Amino acid sequence: MGKQRVAQLEYSEFQSAMLDEEKRRRKAAKIIAVLEHFHGPLDGLTVGDVGCSAGFIADELAQAGAAHTLGIDIDVPGLRKAADRFGERVAFVCGDGTALPFPDGSVDVLVFNHIYEHVVDPDAVVAEMHRVLSDDGVLYLGLGNRLGVIEPHYKLPFLSYLPPALADRYVRASGRADHYYERFRTRRGLRRMLRAFHVWDYTFPVLATPTKFAGSELFPGALGRVVKGVLARMPREVLRLLLPVVPTYLWVATKTPRRPVGAALPQPPERVRPL
């Protein structure tokens, strides 16, 4: 039998990427750009970052105009660092995503960025976010794909493809960890997880027009300009063939049917077909 999964407490203490301020703020800029393209400005809204850790993304959301910004996590050391630096702008809450301490329909925007693979019961967290989100609210999702070839945490090819016991052996043999904790899902599994929402896919819009979405570092240099040009002009039918193995999906989800309000793009966002 495999090991029983338990919550990853104090995640920022052993995952240094959570404390990389420059990188986290770049991620925040992309998140905000996508949210503003879909929804419009965040001015006056109540915004929550589920899995906020050290608070850099939550701080950027506050500075983008949110009237009330909430940071939620079980990472106590990360929350302490966050509250010390950003507590005047952001209300940080130590709370489990499966029991968010907010009333029904009380949050306008939620961010859930590269978190689901770390939690014990992602379906329960998604159900809670659905509960606390307002009827016209927006949920931003950064979602790793199990079929992405290079596993993002340990940079090992095909690690996430393996069953847990073999993944444990692989990551130990690499010398990078004693145990492979993360559990990714395929695109189909993610669609099932989000089946209560109406979902729009921003993956290709961000890749094809990275400067529009504060992602200029995705494709640096002359080669990057070529790649951006190819992606911007490639027929969508061809791009869709790549969807099963795209390493990360960028999705926006709503409780009620909505459409993006932003300007037209070379590769526009598309509805994710519900299961």
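- The name given to the chain in an unreviewed UniProt entry is Class I SAM-dependent methyltransferase, with the source organism recorded as Nonomuraea zeae.

**Observations regarding the sheet that holds strand S1 (residues 46-50)**
- Judged by pairing direction, the sheet is mixed, and its eight strands sit side by side in the order S3-S2-S1-S4-S5-S7-S6-S8 without closing on themselves. Of all strands in the sheet, those bounded by a partner on one side alone are strand S3 (91-94) and strand S8 (270-271).
- Where strand S5 (residues 133-144) lies against strand S7 (residues 248-254), six bridges are found, and the strand directions are antiparallel. Across the sheet, residue Leu-141 finds its bridge partner in S7, namely Trp-251.
- Of the strands in this sheet, S1, strand S2 (68-73), S3 and strand S4 (107-113) touch helix H3 (residues 56-63), which is tilted by about 170 degrees from S1.

**Side note on the nonpolar core**
- Phe-112, Met-129, Leu-139 and Leu-194 are the most contacted members of the largest nonpolar core, which totals 42 residues.
- Setting aside residues no more than four positions away along its own chain, Leu-139 makes contact with Leu-110, Phe-112, Met-129, Leu-133, Leu-194, Phe-197, Trp-251, Val-252 and Ala-253.
- Ranked by size, the runner-up nonpolar core spans 24 residues in total, among them Ala-33, Val-47, Leu-61 and Val-206.

**Some words on the pattern of salt bridges**
- Enumeration over the complete set of coordinates arrives at 13 salt bridges.
- Notably, a salt bridge pairs Arg-26 with Glu-22, separated by 3.3 Å at the nearest N-O pair. On the criterion of helical spacing, the pair formed by Arg-26 and Glu-22 is a turn pair, its members being four residues apart in helix H2 (residues 21-38).
- For Arg-26, a relative accessible area of 34% puts it in the partly exposed group.
- Taking relative accessible area as the criterion, Glu-22 reaches 58% and is therefore assigned exposed.
- The salt bridge involving Glu-270 is made with Arg-236; its shortest N-O contact spans 3.8 Å. Of the two residues, Glu-270 sits in strand S8 while Arg-236 sits in helix H10 (residues 236-242), which places them 34 residues apart along the sequence.
- Using a relative accessible area of 24% as the deciding quantity, one classes Glu-270 as partly exposed.
- Residue class for Arg-236 comes out buried when judged on its relative accessible area of 11%.
- Among the charged side chains, a network of salt bridges with common partners joins Glu-21, Arg-25, Asp-59, Glu-60, Arg-85 and Arg-89.

**Some details on the packing of H2 against H3**
- Remark: H2 packs on H3, axes separated minimally by 8 Å, with the N-to-C direction vectors making an angle of 45 degrees. By the angle between their directions, the pair H2 and H3 is classed as oblique. By crossing handedness, the relation of H2 to H3 is classed as right-handed. Contacts between H2 and H3 involve Glu-21, Arg-24, Arg-25, Lys-27, Ala-28, Ile-31, Ile-32 and Leu-35 from the former and Phe-56, Ile-57, Asp-59, Glu-60, Leu-61 and Gln-63 from the latter.
- The class makeup of the residues in the contact of H2 with H3 is seven nonpolar, one polar and six charged.

**A look at the environment of Lys-81**
- Examined against the element boundaries, Lys-81 turns out to sit in helix H4 (residues 76-86).
- Spatially, the C-alpha atom of Lys-81 lies 9.6 Å from that of Leu-19, the residues being 62 residues apart in sequence.

**What to know about the pairing of S2**
- Among the six residues of S2, five are classified as buried, and the element is accordingly described as predominantly covered.
- The β-α-β motif built from S1, the intervening H3 and the parallel element S2 has right-handed crossover chirality.
- In this structure, S2 lies alongside S3, joined through four bridges in parallel fashion. Looking at S3, one finds that Leu-70 is bridged to Ala-91.
- Since S2 and S3 lie parallel, the crossover through H4 that links them has a hand, and here it is right-handed.

About the cut-offs
- Residues numbered from 1 in each chain as written.
- Predicted model: local features only at pLDDT ≥ 70, side-chain atom pairs only at ≥ 80, totals over all residues.
- Heavy atoms only, no water.
- Pairing = 2+ DSSP bridges.
- Helix = DSSP H or I, 4+ residues; strand = E, 2+ residues; numbered from the N terminus.
- Contact = heavy atoms within 4.5 Å.
- Axes fitted to C-alpha atoms, helices over the stretch in contact; angles between N-to-C directions.
- Core = buried A, V, L, I, M, F, W, Y, C linked by side-chain atoms within 4.5 Å.
- Buried < 20%, exposed > 50% of the residue type's maximum accessible area, 1.4 Å probe, protein only.
- Salt bridge = Lys/Arg side-chain N within 4 Å of Asp/Glu carboxyl O.
- Parallel < 35°, antiparallel > 145°, perpendicular 65-115°, else oblique.
- Left-handed = near helix turned anticlockwise from the far one by under 90°.
- Nonpolar A, V, L, I, M, F, W, Y, C, P; charged D, E, K, R; others polar.
- Right-handed = clockwise from strand over helix to strand, strands pointing away.

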